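# Residue-level structural notes
Listed below are the residues making up each chain.
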Amino acid sequence: MTGPDGFELVVFDCDGVLVDSEVIAIRVDQRVLADLGWDLELEEIVERFVGKSEAHFVAAVEQQLGVRLADGWDQDYGRWYQEAFERDLEAVDGIEEALDRLSLPHCVASSGSHDKMHRTLGKTGLLPRFQGRIYSATEVANGKPAPDLFLHAAASLNTAPGRCAVVEDSAYGVQAARAAGMHVFAYAGGVTPAARLAGPGTTVFSDMRRLPELIAAGRHG
């Protein structure tokens, strides 16, 4: 099926687009970083890390602290994230209505691991909507803002990059979509300000319920 302007596939980021995890995660990130010896404000955590992979997080911590984190360093911290997600995680407001009205095929391409996505999508009841069409940055050489992950998702589903619409909420994810040659619908209802998402090939919006009509309006919606 081909949508207006030739869209054939909608590629969703996960955190902050499908599951409302970013606010929860950055608060735990702040606790973890402080425990490791690096005090950052929440806004700086958004600037540095939202939309990037765990490998980037680890590399940044090691560079800042001048140490190498031992294997398994995050095992204890994993409980902090798990408890916070179990207590507070919900689907992004309006995403279920948007998915119900979306006529194009869709998939997930996220910086998170498969285990993490299965937990968060499972917790929010969204997993069955994407089963078998979930792609992780762990599968490619370079995470966002490189285009590798989005290109991998498109190739896996036999779709030309120019026929893909990406739904993102982070500056790094938006950069990755642009680099992949894909139009990006940038959700500004989360932790990243709209001004950081705006730019060429980008439709910025703040109500997830509007997504189907924006995609239907195409690249100039």
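Okay, so let's go over this structure. Small disclaimer: the values here were computed from a predicted structure and weren't measured. (Residues numbered from 1 in each chain as written. Predicted model: local features only at pLDDT ≥ 70, side-chain atom pairs only at ≥ 80, totals over all residues. Heavy atoms only, no water.)

### Some remarks on the overall build of the protein
Rules: Going along the chain from the N terminus, every DSSP run of H or I of four or more residues is numbered as a helix, and every run of E of two or more is numbered as a strand. For this measure, only C-alpha atoms enter the radius of gyration; the expected value for a globule follows 2.2 Å times N^0.38, where N is the number of residues. The rule is simple: take the accessible area with a 1.4 Å probe, protein chains only, and divide by the maximum for that residue type; under 20% is buried, over 50% is exposed, in between is partly exposed. Any pair of residues with heavy atoms lying within 4.5 Å of one another is described as a contacting pair. With residues, only the protein chains shown are counted as cover, and all accessible areas are computed by Shrake-Rupley using a 1.4 Å probe. When charges are tallied, Lys and Arg are placed among the positive residues and Asp and Glu among the negative ones, while His and the ends of the chain are skipped. For the purpose of locating charges, the reference atoms are NZ of Lys, CZ of Arg, CG of Asp and CD of Glu.
Helix and strand content of the protein: 11 helices and 6 strands. Compactness check: the protein gives a C-alpha radius of gyration of 17 Å against a globular reference of 17 Å for 221 residues, within 12% of the reference. By its C-alpha atoms, the protein is 50 × 30 × 30 Å across when sized along the principal axes. When burial is assessed residue by residue, the protein has 50% of its 221 residues classed as buried. Restricting to contacts in the protein with at least 6 residues of sequence separation, those with at least 24 account for 64%. Summed over all atoms, the accessible surface of the protein reaches about 10100 Å², with 46% contributed by carbon and sulfur. Averaging the positions of the 20 positive and the 33 negative side-chain charges in the protein gives two centres separated by 3 Å.

### Some points on the pairing of strand E2 (residues 106-110)
The cut-off we apply is this: Note on pairing: two strands pair once DSSP finds at least 2 bridges between them.
Burial runs high along E2: 5 of the 5 residues are buried. Residue alternation in E2 divides its side chains into two sets, His106, Val108 and Ser110 and Cys107 and Ala109, and both sets are buried. As defined by bridge partners, strand E1 (residues 9-12) adjoins E2 across 3 bridges and the pair is classed as parallel. Paired with Val10 across the strands is His106, a residue of E2. The pairing of E2 with strand E3 (residues 134-136) spans 3 bridges and is classified as parallel. Bridge assignment links Val108 to a residue of E3, and that residue is Ile134.

### A few points about the nonpolar core
Formally: Definition used in this section: a nonpolar core is a set of buried Ala, Val, Leu, Ile, Met, Phe, Trp, Tyr and Cys residues joined via side-chain atoms within 4.5 Å.
Judged by nonpolar contacts, the single largest core of 40 residues is most densely connected at Phe12, Leu18, Ile95, Leu121, Met208 and Leu211. The element contributing the most residues to this core is helix H4 (residues 75-88), with 5 residues. If we ignore the near neighbours within four places in the chain, the residues touching Met208 are Val17, Val92, Asp93, Gly94, Ile95, Ala98 and Tyr187. Of all hydrophobic cores here, the second largest spans 22 residues; its members include Val140, Phe150, Ala186 and Ala188.

### Quick notes on the packing of aromatic side chains
Stated precisely, the cut-off is as follows: Aromatic pairing here means that ring centres of Phe, Tyr or Trp (its six-membered ring) are within 6.5 Å. Orientation follows from the plane angle: under 30 degrees is stacked, over 60 is edge-to-face, and everything else is tilted.
Considering all chains together, one arrives at 7 aromatic pairs under this definition. Plain terms: the ring middles of Phe7 and Phe185 are 6.0 Å apart, the flat faces sit at 70° to each other, and that makes the pair edge-to-face. A residue pair is termed long-range when its members are at least 10 positions apart, and Phe7 in the segment before E1 and Phe185 in strand E5 (residues 183-187) qualify at 178 residues. No difference in accessibility class separates Phe7 from Phe185, as the two residues are buried. On the basis of an interplanar angle of 75° and a centroid distance of 5.0 Å, the ring pair of Tyr77 and Trp80 is categorised as edge-to-face. With a gap of 3 residues between them, Tyr77 and Trp80 both fall in helix H4, about one helical turn apart. As far as burial versus exposure is concerned, Tyr77 and Trp80 are alike and both buried.

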